[in-house]
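Read off the chains here:
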Amino acid sequence: MDLTHSYMNAFSEQLLGKYTWLETRNAAAIMGASNPALLTDLSDVLSEFFLYDTDILVAGGNRGPIAIRLDTAFFERGWSAVRVNTEFRLVGQKKKALTSRAYEENFLATTVSNDGFEVDNMKGRVAIDVEWNAKDGNLDRDLAAYRALYDLGLIDLGVIITRDHQGIRDLAGQELGSEDAFRRLGTTTTTNMIKLEPRITRGDAGGCPILAIGITKSTWAGLGVVAPPVDAAVELADMGHDVPD
C-alpha cells in the first residue's frame, strides 16, 4: 500500500517540522473533512506538547510521563479511553418437512460475546493511541483494533503517536550525552515509526486510514528545561490503581 501525504495540507508548517509523519489512505484529509473539530484538538495537543530531558534520561515504559501528558491533554478536550465489546446472537432454524417453504423450528439460540478493542483516546469517529516505548506488539494490537472498529462503522480513521527512532536516539546520544539512553532507545523490539511503517504499508489496518506521528528531536523543549509536574491522581489512574476520593 502506498503512503499518502494529505497531512502536508492539514497541519501548519510549524507542526510539520516539529514531528515526523506517515499516512495511508489520506487519513489527515479525511479527518479534516469528516471531523474538523477533532483535527483542531489533535493540532492543539501536538502544538502544546514538548519533550523534556527526563523523558529521555529516565528509563520507563510506554505508560510514562509522555503518554500521561498526551492522554491528559486529550482527556481535557473531551476524549476518553474506551473499550468496545462485541456481542453476536446466533439463531438456528430448520424446516419440519422436506416440502416446507418456511423454517418453522428454532434449534439454536445462543449469544457469543467478546471483550473487545481498547483505545487510549476516542472522540466522535477518531481513535488515537500513544505508543512511546512499548513492545512493538502493541502496534499490532492498535492496528487490529482500528481495523475492527472501522469495519464495524464506528471510526473513520486511527491515529498513532509514537517516536521517531533515529531522531530520539540522536537526541539521547548527542544533545544529552547519555550512553545509557542511547543504548536503551536503540532496542529493536519497541514501538517507533520504523516498526510502524511496514505494518501500515502492508495493510494491517485493512481499509482503515492511518495517520502516524513521530515525536522527534524537534519536539525537545531544550537542555535543562524542567518538565511540568504530573498530577499524582492522573498517574495513579493511568497505572491502574484506585484513586482515593
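None of these values were measured; they are calculated from a predicted model.

Taken together, the side chains of Phe88, Leu90, Phe107, Leu108 and Val112 present a nonpolar region at the surface, about 440 Å² in accessible area. Where the nonpolar patch is concerned, the elements lending two or more residues are β2 (80-94) and β3 (105-123). For the nonpolar patch, the leading source of residues is β3, giving 3 residues. Along the chain, the position of Phe107 falls in strand β3. Under the relative-accessibility criterion, Phe107 is labelled exposed at 52%.

Moving on: the sheet that holds β3. Taking strand neighbours across the sheet as the criterion, the 6 strands line up as β1-β6-β5-β4-β3-β2 in an open arrangement whose pairing is mixed. Both outer strands of the open sheet, β1 (19-24) and β2, are each paired with one neighbouring strand and no more. The average angle at which neighbouring strand axes cross in this sheet is 25 degrees, direction not considered. One ladder, built from 5 bridges, connects strand β4 (residues 126-130) with strand β5 (residues 157-163); its direction is parallel. When the bridges of β5 are listed, Asp129 appears paired with Ile160. Here helix α7 (residues 137-151) sits on the sheet and contacts β2, β3, β4, β5 and β6 (210-215); the angle it forms with β5, its principal contact strand, is near 165 degrees.

Before going further, it helps to examine the environment of Ala205. The topology assignment puts Ala205 in the loop between α10 (193-201) and β6. Remark: the alpha-carbon pair of Ala205 and Leu157, spanning 48 residues in sequence, is separated by 9.7 Å. With near-sequence residues (within four places) excluded, Ala205 lies in contact with Leu143, Arg147 and Ile210.

Scoring rules and cut-offs
- Residues numbered from 1 in each chain as written.
- Predicted model: local features only at pLDDT ≥ 70, side-chain atom pairs only at ≥ 80, totals over all residues.
- Heavy atoms only, no water.
- Patch = residues over 30% accessible without salt bridge, like charges linked within 9 Å, V, L, I, M, F, W, Y side chains within 5 Å.
- Areas by Shrake-Rupley, 256 points an atom, 1.4 Å probe, with all protein chains shown as cover.
- Salt bridge = Lys/Arg side-chain N within 4 Å of Asp/Glu carboxyl O.
- Helix = DSSP H or I, 4+ residues; strand = E, 2+ residues; numbered from the N terminus.
- Buried < 20%, exposed > 50% of the residue type's maximum accessible area, 1.4 Å probe, protein only.
- Pairing = 2+ DSSP bridges.
- Axes fitted to C-alpha atoms, helices over the stretch in contact; angles between N-to-C directions.
- Contact = heavy atoms within 4.5 Å.

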